[in-house]
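Summary of structural features
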Amino acid sequence: MHRISSMCLEAGVAALILFPIFLALNWRKACCLRRTAECVVFSVYLAAVDAVVGLPNVTYVRFDLNLNLMPFAYMFSDATTSLLNVALFLPLGFLLPILCQKFRKLHWTVLFGFCASLLIELLQIFTFRATDVNDLITNTVGTILGWCAARVVFWLFPGITPKWSLREVFLVCFLTLGVMFFLQPFLARTLGIPI
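Report on the accompanying structure. (Residues numbered from 1 in each chain as written. Predicted model: local features only at pLDDT ≥ 70, side-chain atom pairs only at ≥ 80, totals over all residues. Heavy atoms only, no water.)

**Describing the nonpolar core**
Here is a general trend for soluble globular proteins: nonpolar side chains tend to be buried in one another's company. In plain terms, the rule: By nonpolar core we mean a set of buried residues, namely Ala, Val, Leu, Ile, Met, Phe, Trp, Tyr and Cys, connected to one another through side-chain atoms within 4.5 Å. Using a 1.4 Å probe on the protein chains alone, a residue whose accessible area is under 20% of its type maximum counts as buried, one over 50% counts as exposed, and one in between counts as partly exposed. Helix and strand labels come from DSSP, where a helix needs a run of H or I of at least four residues and a strand needs a run of E of at least two; each type is numbered from the N terminus. Residue contacts are counted whenever heavy atoms from the two residues lie within 4.5 Å of one another.
Grouped together as the largest cluster of nonpolar side chains are 31 residues, with contacts concentrated most on Phe 42, Leu 92, Leu 96, Phe 112, Trp 164, Val 169 and Val 172. Looking at this core, the elements with two or more residues in it are helix 1 (2-26), helix 2 (32-53), helix 3 (79-99), helix 4 (106-123) and helix 6 (166-190). Here this core takes nine residues from helix 2, the largest share from any one element. Contacts of Trp 164, omitting those with residues within four sequence positions, involve Arg 35, Glu 38, Cys 39, Phe 42, Leu 99, Cys 100, Gln 101, Val 169 and Val 172.

Given below as structure tokens:
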């Protein structure tokens, strides 16, 4: 329970920083508030993932090589962790095709989910967390299941049209990672939120 409340607090602090940034970036576009809300929802999800997986930030970077490169080792004996990893990436697979036309194709969504998971696993070398090939597998499975859920939504509501460009997806990702790495730890500390 503590982990969930900590994740919510960290994502909320990131949202305080990101909302005005996205509002400024979208102010010229039609449906500015809707586009800003989409950016905030996607970035809060990304910030929550950052908080859950314990990525490094400017106040905490430590080289700790803790690797598991053996696929499926302990994956089924620790089924709870595997299911949580799947659940963690379900929203990514769901949101990408809803937001951006390019990700309506499964292979682009899987590639994005795989690369995002690989980046997380590589960055965890600089934290207290283990870098595990099983996380890469389960996160990618979660992305695929999220994409399948988005396909059901498109079937039920055929009028949904993704409006983001690929550039906007990457911009939101990089802004969120940058805020979580450079600014969020200081704002959290200023607000008295333990991270």
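**Points about the packing of aromatic side chains**
Aromatic ring pairs are described here by two measures, namely the spacing of the ring centres and the angle between the planes. This is how the line gets drawn: Only Phe, Tyr and Trp rings take part, Trp by its six-membered ring, and two of them pair if their centres are within 6.5 Å. Stacked means planes under 30 degrees apart, edge-to-face means over 60, and tilted covers everything else. When the NZ atom of lysine or the CZ atom of arginine is within 6 Å of a ring's centre and also within 35 degrees of its normal, the charge is said to sit over that ring.
The full count for this structure, using the stated rule, is six aromatic pairs. Centre to centre, the rings of Phe 42 and Trp 164 are 5.9 Å apart; their planes meet at 80 degrees, and the pair counts as edge-to-face. Note that Phe 42 is positioned in helix 2 and Trp 164 in the loop between helix 5 (133-156) and helix 6, a separation of 122 residues in sequence. No difference in accessibility class separates Phe 42 from Trp 164, as the two residues are buried. Both rings, one in Phe 103 and one in Phe 112, keep their centres 5.4 Å apart while their planes meet at 80 degrees; by these two values the pair is edge-to-face. Exposure remark for Phe 103: the relative accessible area of 3% places this residue in the buried category. Taking relative accessible area as the criterion, Phe 112 reaches 12% and is therefore assigned buried. Through successive ring pairs, a cluster of aromatic residues spans Phe 103, Phe 112, Phe 170 and Phe 174. Against the face of Trp 108 rests Lys 102, its NZ or CZ located 4.4 Å from the ring centre. The ring of Phe 154 is capped by Arg 104, whose NZ or CZ atom sits 3.7 Å from the centre of that ring.

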